[in-house]
Amino acid sequence: MELRRRPGTQREVHLATPLPGLAITSAHVPDDADVRVDGVLEAIEGAVTISGTVTAPWVGECRRCLDPVSDLIEATLSEVFETSPVEGETYQLDGDEVDLERVVRDAVLLSLPLAPLCRPDCPGPAPETFPARVADAEQDEAAERSPDPRWAGLDELKFD
């Protein structure tokens, strides 16, 4: 890459590609959806930086009512690539190659919502439609009559 040989040189980057497997427990990016990267690569002394944005659609379930919810995330990129990266701070620069996949994956995963809501004032489930089930009183009484055999040893304890 000619960029690295000339510090101060910049190159715009505009990419859109699917990145399967972007998911956390509460939300995910559909495997066939394009993740868009718009940024600028810049050569600095001994490294290359990227600054810009990553945009991706996501889907999940509302944490209160469990209805499907979807939106678009936009994450800011500001990362450094070095030949000798510092773990957790910079990314690997292999010769003249900059592999943006790990940077983009990290940015998207950190931006996915941990507890999505369909709307800020979501009241949660509708009790008239989905009533809470309460165990029958007879089942409760039967459970009280038959003790758990794992605790049988405690019945033999006698206190003065």
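Below you will find a few notes about this structure. Counting starts from 1 at the beginning of each chain's written sequence and moves along it residue by residue. Per-residue local features are limited, in this predicted model, to residues with pLDDT of at least 70; the limit for side-chain atom pairs, both in listing and counting, is 80 or more; totals at the level of whole chains, interfaces and linings are taken over all residues. The basis for every side-chain value is the complete set of heavy atoms in the structure, and neither hydrogens nor water enter the calculation.

Things to note about the overall build of the chain
Scanning the chain from N- to C-terminus turns up 4 helices and 6 strands. Under the DSSP-based scheme used, a helix requires at least four consecutive residues in state H or I and a strand at least two consecutive residues in state E, with every element numbered from the N terminus. For the chain, the N- to C-terminal ordering of α and β elements is α-β-β-β-β-β-β-α-α-α. Contact definition: two residues touch when any of their heavy atoms are within 4.5 Å. For the chain, the proportion of contacts with a sequence separation of at least 24, taken over those separated by at least 6, is 58%.

A short note on a nonpolar patch on the surface
Together, Trp 151, Leu 154, Leu 157 and Phe 159 make up an exposed nonpolar region whose accessible area comes to about 520 Å². Its place among the elements puts Phe 159 in the segment after α4 (152-155). Without a salt bridge and with relative accessible area above 30%, a residue can belong to a patch; like charges are then joined within 9 Å and nonpolar side chains (Val, Leu, Ile, Met, Phe, Trp, Tyr) within 5 Å. Only the protein chains shown count as cover for residues, with accessible areas throughout obtained via the Shrake-Rupley method and a probe of 1.4 Å. Salt bridge, as applied in this entry: a Lys or Arg side-chain nitrogen positioned within 4 Å of an Asp or Glu carboxyl oxygen.

Some words on helix α2 (residues 101-111)
Burial classification: accessible surface area is computed with a 1.4 Å probe over protein chains only, and a residue below 20% of its type maximum counts as buried, one above 50% as exposed, and the rest as partly exposed. Among the residues of α2, Val 103, Val 104, Ala 107 and Val 108 are the ones counted as buried. The buried residues of α2 all sit within an arc of 125° when viewed along its axis, so they share a single face. As used here, the arc is the angular range of directions from the helix axis to the C-beta atoms.

Quick word on the nonpolar core
Put simply, a nonpolar core is a bunch of buried Ala, Val, Leu, Ile, Met, Phe, Trp, Tyr and Cys residues held in one set by side-chain atoms that sit within 4.5 Å of each other. Formed by 28 residues in total, the largest nonpolar core has its most connected members in Val 29, Val 35, Val 54, Phe 81, Val 104 and Val 108. Every element with two or more residues in this core is listed here: β3 (34-44), β4 (47-61), β5 (68-82) and α2. In contact with Val 54, other than residues within four places in its own chain, are Val 35, Arg 36, Val 37, Ile 73, Glu 74, Ala 75, Leu 77, Val 104, Ala 107 and Val 108.

Digging into unusual backbone geometry
Positive phi values are uncommon outside glycine, yet Leu 66 reaches one of about 65°. Here Leu 66 shows up in the loop between β4 and β5. By relative accessible area, Leu 66 is classed as exposed at 53%.

Examining the environment of Leu 117
Mapped onto the elements, Leu 117 comes out in the loop between α2 and α3 (137-145). A C-alpha to C-alpha distance of 4.5 Å links Leu 117 and Cys 62, two positions 55 residues apart in sequence. Non-local contacts of Leu 117, meaning those with residues more than four positions away in its chain, are made with Cys 62, Arg 63, Arg 64 and Val 69.

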